[in-house]
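# Remarks on the overall topology
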Amino acid sequence: AKDTSSGSNWHFRGQDLLRATLDALQIRAKNPLAKGHVLYFGGCSAGGRGALFTYEYLAEMVPEGVKTYGIFDSAMWVDVEPLLPGGVSFRAQTKAVLSMTNASGRVGVKCDAAY
């Protein structure tokens, strides 16, 4: 996705990189992903938050029958208001990031309705 709202030239290609990695595994691996295989997926810190967001859609990207597990290190998400005045909540940060990265279309219907 490209952020065009501010006229910047920022490009966000996390999902493209994930698809390319999975494609490369299918093409180059001696034993490509197939039914019965297990795929561990994750990240840490900000990457953990991105991996949490992406994990919901990972099953769509791998062959049928591949079991996926998410491992997220320090992907802190606490849906509470900030303790300090003027702090920005995770909910507000997430909405801003989804808007900036043009990724709001990846939010599930239930999640969108709830938040």
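So, here's what we can say about the structure. Worth saying up front: this structure is predicted, and the values here are computed from it rather than measured.

### Some details on the layout of surface pockets
Quantified by volume, the largest pocket comes out at close to 1,400 Å³. Lining the largest pocket are 39 residues; nearest its centre among them are Arg49, Gly50, Phe53, Thr94 and Leu98. Only helix H1 (14–28), strand S1 (38–44), helix H2 (46–61), helix H3 (90–100) and helix H4 (109–114) provide two or more residues apiece to the lining of the largest pocket. By residue number, the principal contributor to the lining of the largest pocket is H2, which donates eleven residues.

### Details of the packing of aromatic side chains
Evaluated as defined, the whole model comprises three aromatic pairs. Note on Tyr40 and Tyr69: the rings are 5.5 Å apart at their centroids and 20° apart in plane angle, and the pair reads as stacked. With Tyr40 in strand S1 and Tyr69 in strand S2 (residues 67–73), this pair connects stretches of sequence that are 29 residues apart. The exposed category is assigned to Tyr40, whose relative accessible area is 55%. For Tyr69, a relative accessible area of 38% gives the class partly exposed. With centroids separated by 5.9 Å and ring planes inclined at 80°, the aromatic side chains of Tyr55 and Phe72 adopt a geometry described as edge-to-face. With Tyr55 in helix H2 and Phe72 in strand S2, this pair connects stretches of sequence that are 17 residues apart. On the basis of relative accessibility, which here comes to 26%, the residue Phe72 falls in the partly exposed class.

### Thoughts on the side chain of Thr68
Take Thr68: it is sitting in strand S2. Look at Thr68 and you get buried, because its relative accessible area is 16%. Apart from residues lying up to four places away in sequence, Thr68 is in contact with Leu39, Tyr55, Leu58 and Val62.

### Quick look at the packing of H1 against H2
It is the contact of H1 with H2, at a shortest axis distance of 12 Å, that shows an interaxial angle of 35°. Considering the relative orientation of H1 and H2, their crossing is right-handed. Here H1 contributes Gln15, Leu18, Arg19 and Leu22 to the contact with H2, which in turn contributes Thr54, Leu58 and Met61. A breakdown of the residues in the contact of H1 with H2 according to their chemical character gives four nonpolar, two polar and one charged.

### Some remarks on the nonpolar core
Leu18, Leu22, Leu33, Leu39, Phe41, Ala51, Tyr57, Leu58, Met61, Val62 and Val66 together form the largest nonpolar core, which totals eleven residues. A total of four residues in this core trace back to one element, the largest contributor, which is H2. Apart from the residues lying within four places of it in its own chain, the contact partners of Leu18 are Phe41, Thr54, Leu58 and Met61.

### A short note on the side chain of Ser89
Considering the arrangement of structural elements, one finds Ser89 in the loop between S2 and H3. For Ser89, a relative accessible area of 10% corresponds to the buried category. Here Ser89 is in contact with Val80, Glu81 and Pro82, once residues within four sequence places are set aside.

Parameters and conventions
- Residues numbered from 1 in each chain as written.
- Predicted model: local features only at pLDDT ≥ 70, side-chain atom pairs only at ≥ 80, totals over all residues.
- Heavy atoms only, no water.
- 1 Å grid on protein atoms, 1.4 Å probe; cavity = no way out; pocket = protein on both sides within 12 Å on 5 of 7 lines; lining within 4 Å.
- Points joined across faces, edges and corners; volume = space filled by probe spheres on them.
- Helix = DSSP H or I, 4+ residues; strand = E, 2+ residues; numbered from the N terminus.
- Phe/Tyr/Trp six-rings, centres within 6.5 Å; stacked < 30°, edge-to-face > 60°.
- Buried < 20%, exposed > 50% of the residue type's maximum accessible area, 1.4 Å probe, protein only.
- Contact = heavy atoms within 4.5 Å.
- Axes fitted to C-alpha atoms, helices over the stretch in contact; angles between N-to-C directions.
- Left-handed = near helix turned anticlockwise from the far one by under 90°.
- Nonpolar A, V, L, I, M, F, W, Y, C, P; charged D, E, K, R; others polar.
- Core = buried A, V, L, I, M, F, W, Y, C linked by side-chain atoms within 4.5 Å.

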